[in-house]
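So the chains spell out like this:
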Amino acid sequence: MTGSSTNRVVDERGRRTFAGRADQVGAARRFVAAALPPGSPIRELTGLLVSEAATNALLHSASGRSGGTFAVEYAVDGRRLRVEIRDAGGPSGPRRRVHHLESLTGRGLDLFEALSSRWGVHGGPAGRVVWFELDLVDGAVAEWSS
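What counts and what doesn't
- Think of each chain on its own: its residues are numbered from 1, step by step along the sequence as written.
- Per-residue local features are limited, in this predicted model, to residues with pLDDT of at least 70; the limit for side-chain atom pairs, both in listing and counting, is 80 or more; totals at the level of whole chains, interfaces and linings are taken over all residues.
- Here the side-chain values reflect all heavy atoms present in the structure, with hydrogen atoms and water set aside.
- Only DSSP runs of H or I covering at least 4 residues are called helices, and only runs of E covering at least 2 are called strands; the numbering of each starts at the N terminus.
- We call a residue buried when its accessible area falls under 20% of the maximum for its residue type, exposed when it is over 50%, and partly exposed in between, using a 1.4 Å probe and counting protein chains only.
- Residue contacts are counted whenever heavy atoms from the two residues lie within 4.5 Å of one another.
- The protein chains shown are the only cover counted for residues, whose accessible areas, like all others here, come from Shrake-Rupley with a 1.4 Å probe.
- Any Lys or Arg side-chain nitrogen found within 4 Å of a carboxyl oxygen on Asp or Glu counts as a salt bridge.
- The span expected for a helix works out to 1.5 Å for each residue beyond the first.
- Only buried residues count toward a nonpolar core. Its members are Ala, Val, Leu, Ile, Met, Phe, Trp, Tyr and Cys residues joined through side-chain atoms within 4.5 Å.
- You can read pLDDT as the predictor saying how much it trusts each residue, on a scale of 0 to 100.
- The rule for pairing is simple: two strands pair if DSSP sees at least two bridges between them.

A. Highlighting the overall build of the chain. Broken down by element type, the chain carries 3 helices and 6 strands. Reading the chain from its N terminus to its C terminus gives the helix and strand order β-α-α-β-β-α-β-β-β. Relative to its full complement of 146 residues, the chain shows a buried share of 45%. Here the contacts in the chain between residues at least 6 apart in sequence split such that 65% fall between residues at least 24 apart. By element, 52% of the accessible surface of the chain is carried by carbon and sulfur atoms, the whole surface being about 8,300 Å².

If you want it as structure tokens, here you go:
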């Protein structure tokens, strides 16, 4: 077997609903990361994008209100990893913001654009889905480089 066999990803799906609390962002990140082999070069990247989408669900939708929830779903098919974060909706959708270099927020959509293979948003005030995909190569995790 080649060295890349340790990074092979099997076809897998998962879905879980999380309480709309900040402490659940890490749980959501770990839930998706568990679908990727230890040492996978995109495990950390996936965790960053899941954290960003889950945090945005809490900050910018009804998911972050008392009793709110958000759902995370992933699918790995040997060619790509697709992750969807469903929130409880809100009055406005995600939008790019102008931010200063020292700003702590406002970079989420830029991260999806720069780091994922594909991403998007759909839904409306009753609930939205932010999704992203990361490409895999020959069933093994693709090397990510900037």
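Now that the structure has been shown, we can carry on.
B. View of the pattern of salt bridges. Per the stated rule, a full pass over the model turns up 11 salt bridges. Between Glu73 and Arg86 there is a salt bridge; the shortest N-O distance is 3.6 Å. Of this pair, Glu73 sits in strand S2 (residues 69–76) while Arg86 sits in strand S3 (residues 80–86); the two residues are 13 residues apart in sequence, bridging distant segments of the chain. Since its relative accessible area comes to 25%, Glu73 is described here as partly exposed. The exposure class of Arg86 is partly exposed, given its relative accessible area of 28%.

C. Here's a closer look at helix H2 (residues 43–60). For H2, which comprises 18 residues, the first-to-last C-alpha distance of 26 Å matches the rise-based estimate of 26 Å (1.5 Å per residue) to within 8%. Residues of H2 that are buried include every one of Leu45, Thr46, Gly47, Leu49, Val50, Ser51, Glu52, Ala53, Ala54, Ala57 and Leu58, and no others.

D. Spatial organisation of helix H1 (residues 23–33). Buried residues dominate H1, accounting for 8 of its 11 residues. Of all the positions in H1, only Gln24, Val25, Gly26, Ala27, Ala28, Phe31, Val32 and Ala33 are classed as buried. Its buried side turned inward, H1 meets strand S1 (12–19), H2, S2 and S3.

E. Layout of the nonpolar core. Judged by nonpolar contacts, the single largest core of 30 residues is most densely connected at Phe70, Val72, Tyr74, Leu81, Val83, Ile85 and Phe132. Secondary-structure elements contributing two or more residues to this core are H1, H2, S2, S3, helix H3 (108–115) and strand S5 (127–137). Sort the elements by how many residues they give to this core and H2 lands first, with 7 residues.

F. Examining the confidence of the model for the chain more closely. Mean pLDDT over the chain: 82, with 74% of residues reaching 70 or higher. Every residue in residues 1–6 is under pLDDT 50, and counting partners more than four places away or in other chains gives 3 contacts.

G. Expanded view of the environment of Pro125. Summarising the element assignment, Pro125 is placed in the loop between strand S4 (118–124) and S5. Sequence-wise, Pro125 and Asp87 are 38 residues apart; in three dimensions their C-alpha atoms are separated by 9.9 Å.

H. Highlighting the pairing of S2. Counting buried positions over the 8 residues of S2 gives 6, a clear majority of the element. Looking at chain direction, S2 and S3 are connected through 6 bridges and run antiparallel. Residue pairing in the sheet places Ala75 in a bridge with Arg82 of S3. The hairpin turn running from S2 into S3, its antiparallel successor, is 3 residues long, and Gly78 in that turn takes a positive phi close to 90°.

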